[in-house]
Amino acid sequence: QVVRRRAAAGALLLGEVISRFADPDRAGIRSMDTAFLLRILPALLEGLEITVALTALALVGAAIGGLIVVAGRRSRFAAVRAVTIAYIDVMRNTPVLAQIFILYFGLPEIGLYPEAFACGVIALVLQNSAYAGEIYRAGIESVKRTQTEAALSLGMMPRRALFDIVLPQALRRVLPVLGNQAVVILKDSSIASTISVAELTQAGKLLLDRSAAPYETFFMMAALYLTMAAILLGAMKLLAWRFPVRT
């Protein structure tokens, strides 16, 4: 009965919202000011430049960090594996916001004073290296072991077999997942606004304080994020098409 009452209340609320948008005069909804959208675009584009830099650095760092993580995850030494698994669990099960705050407010306690931008990049790299490492590991384990055994039987060293035979196939298989993770990094870059990094979300918040026009400001912000995400996914799809999985 409780579920039914909540469902009915939700349906009534949704109907009310739809009816208000269908009748702007009743709802007091004003039309979007397209001229204002154009006026705020330059300021948002300045923030977008910081977002692109933050995302690009985090992507490169996470891609490299993921290789280190997967190497530790597959190490023959139990202690290295245990430390790597602990790192993965901590990074994946704590919010990136908390990690940014620990870096930004915690490091000064031990005499280190990194810039806010650096704290944002480091936090994104640390967390997403854990995800990238697990993605790489899944790709490596999806390659049949018989291929490695065949390479070793032909006289290849294990490391060469890994880099020449296994990794190229593994990366091709995980490209779509890496593309999704890249979009996650792009969206998570907005959290850097909490420590006053002048990226896109922070630029939007400053504009909102000055203009009191949340409708247009957040609409334009969302459109810019959507555009960047589409570019990232398009690039990853192009890579997947260029380097298809061979069976």
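Procedures and definitions
Along every chain, residues carry numbers that run from 1 in the direction the sequence is written. Reporting of local features is limited, given that this is a predicted model, to residues whose pLDDT is at least 70; pairs of side-chain atoms are given and counted only at 80 or more, and all residues count toward the totals for whole chains, interfaces and linings. No hydrogens and no water enter the side-chain calculation; it runs on all heavy atoms of the structure. In this scheme Phe, Tyr and Trp rings, the latter by its six-membered ring, pair at centre separations within 6.5 Å, and the angle between planes marks the pair as stacked below 30 degrees, edge-to-face above 60, and tilted otherwise. Accessible area is worked out with a 1.4 Å probe on protein chains only. A residue is then buried under 20% of its type maximum, exposed over 50%, and partly exposed in between. Geometry is summarised by axes, namely lines fitted to C-alpha atoms with helices restricted to the contacting stretch, and by angles between N-to-C directions that run from 0 to 180 degrees. Each helix is a run of DSSP H or I of at least 4 residues and each strand a run of E of at least 2, with the numbering of both proceeding from the N terminus. Angle categories are assigned with fixed cut-offs, so that under 35 degrees is roughly parallel, over 145 is roughly antiparallel, 65 to 115 is roughly perpendicular, and the rest are oblique. The crossing is said to be left-handed when, going from far helix to near helix, the turn is anticlockwise and less than a right angle, and right-handed when the turn is clockwise. The contact rule is simple, with two residues in contact once any of their heavy atoms fall within 4.5 Å. Residue polarity follows a fixed list, in which Ala, Val, Leu, Ile, Met, Phe, Trp, Tyr, Cys and Pro are nonpolar, Asp, Glu, Lys and Arg are charged, and the others, Gly among them, are polar. To estimate the expected span of a helix, subtract one from its residue number and multiply by 1.5 Å. To get the bend at a given residue, fit one axis to the seven residues ending there, fit another to the seven starting there, and take the angle between those axes. To define a nonpolar core, start from buried Ala, Val, Leu, Ile, Met, Phe, Trp, Tyr and Cys residues and group those joined through side-chain atoms within 4.5 Å. Here the term cavity refers to a set of points on a 1 Å grid, laid over the protein atoms alone, in which a 1.4 Å probe fits but cannot get out; the term pocket refers to an open set having protein on both sides within 12 Å along at least five of seven lines, with lining residues being those that place an atom within 4 Å of a point. Grid points are joined across faces, edges and corners, and a volume is the space filled by probe spheres set on the points.

Enquirer: Is there a simple way to think about the packing of aromatic side chains in this case?
Expert: What describes a pair of aromatic rings is the distance from one ring centre to the other and the angle between the planes of the rings. Enumeration according to the criterion identifies 2 aromatic pairs in this entry. Ring centres 5.0 Å apart and planes at 80 degrees place the aromatic pair Tyr 104 and Phe 105 in the edge-to-face group. Residue classification places Tyr 104 among the partly exposed residues on the basis of a relative accessible area of 29%. Three or more aromatic residues joined by ring pairs form one cluster here, namely Phe 101, Tyr 104 and Phe 105.

Enquirer: Would you take a moment to explain the packing of helix α3 (residues 34-73) against helix α10 (residues 214-242) for this structure?
Expert: Between two packed helices, the angle of one axis relative to the other and the distance separating the axes together describe the packing. Viewed as axis vectors pointing N to C, α3 and α10 meet at an angle of 40 degrees, and their least axial separation amounts to 10 Å. Comparing their axes, α10 and α3 come out oblique. α3 and α10 meet at a crossing whose hand is right-handed. Contacts between α3 and α10 involve Phe 36, Leu 37, Ile 40, Leu 41, Leu 44, Leu 45, Leu 48, Thr 51, Val 52 and Leu 59 on the former and, on the latter, Glu 216, Thr 217, Phe 219, Met 220, Met 221, Leu 224, Tyr 225, Met 228 and Leu 232.

Enquirer: Even after reading the chapter, I still don't get the packing of helix α4 (residues 78-92) against helix α6 (residues 116-142), so can you show me in this structure?
Expert: Taken N-terminus to C-terminus, the directions of α4 and α6 make an angle of 120 degrees; their axes are 8 Å apart at the nearest point. By the angle between their directions, the pair α4 and α6 is classed as oblique. In this structure, the crossing between α4 and α6 has a hand that is left-handed. Between α4 and α6, the contacting residues are Tyr 87, Ile 88, Met 91 and Arg 92 on the first element and Leu 126, Gln 127, Ser 129, Ala 130, Tyr 131 and Glu 134 on the second. Looking at side-chain class alone, the contact of α4 with α6 contains 6 nonpolar, 2 polar and 2 charged residues.

Enquirer: Explanation requested: α6 in the structure shown.
Expert: Given 3.6 residues to a turn, an α-helix orients residues that are three or four positions apart in the same direction. For α6, with 27 residues, the first-to-last C-alpha span of 39 Å sits near the 39 Å given by 1.5 Å per residue. The axis of α6 is deflected most strongly, by about 25 degrees, at Asn 128. Burial runs high along α6: 19 of the 27 residues are buried.

Enquirer: For this particular structure, what's the right way to read the nonpolar core?
Expert: The nonpolar side chains of a soluble globular protein tend to be buried with one another. Within the largest apolar cluster, 19 residues are counted, with the highest numbers of intra-cluster contacts made by Ile 40, Leu 44, Leu 186, Leu 200, Met 220 and Leu 224. Of all elements in the fold, only α3, α8 (158-188), α9 (200-211) and α10 reach the threshold of two or more residues within this core. Per-element accounting of this core gives the leading share, 7 residues, to α10. Contacts of Leu 224, omitting those with residues within four sequence positions, involve Leu 44, Leu 45, Leu 48 and Leu 200. Counting residues in each nonpolar core, the second largest holds 17 residues, with Ala 62, Ile 191, Ile 195 and Val 197 among its members.

Enquirer: What exactly am I supposed to notice about unusual backbone geometry here?
Expert: Among all residues save glycine, negative phi is the norm, and among peptide bonds the norm is trans. In the Ramachandran plot, Ser 196 falls in the positive-phi region, its phi being about 70 degrees despite a non-glycine side chain. You can see Ser 196 is positioned in the loop between α8 and α9. What makes Ser 196 exposed here is its relative accessible area of 55%.

Enquirer: Quick question: what am I supposed to make of the layout of surface pockets here?
Expert: By rolling a water-sized probe across the atoms, one finds the places where empty space is left. Roughly 780 Å³ of volume is contained in the largest pocket. Along the walls of the largest pocket sit 20 residues, with Arg 74, Ile 140, Pro 158, Arg 159 and Leu 162 positioned nearest its centre. Going through the elements one at a time, α3, α6, α7 (145-153) and α8 are the ones with two or more residues in the lining of the largest pocket. Top element by residues in the lining of the largest pocket is α8. It accounts for 7 residues. A class-by-class count of the residues in the lining of the largest pocket yields 13 nonpolar, 2 polar and 5 charged. Approximately 290 Å³ is the volume found for the second largest pocket. Lining of the second largest pocket is provided by 16 residues; of these, Leu 59, Ala 63, Tyr 136, Leu 178 and Met 236 occupy positions nearest its centre.

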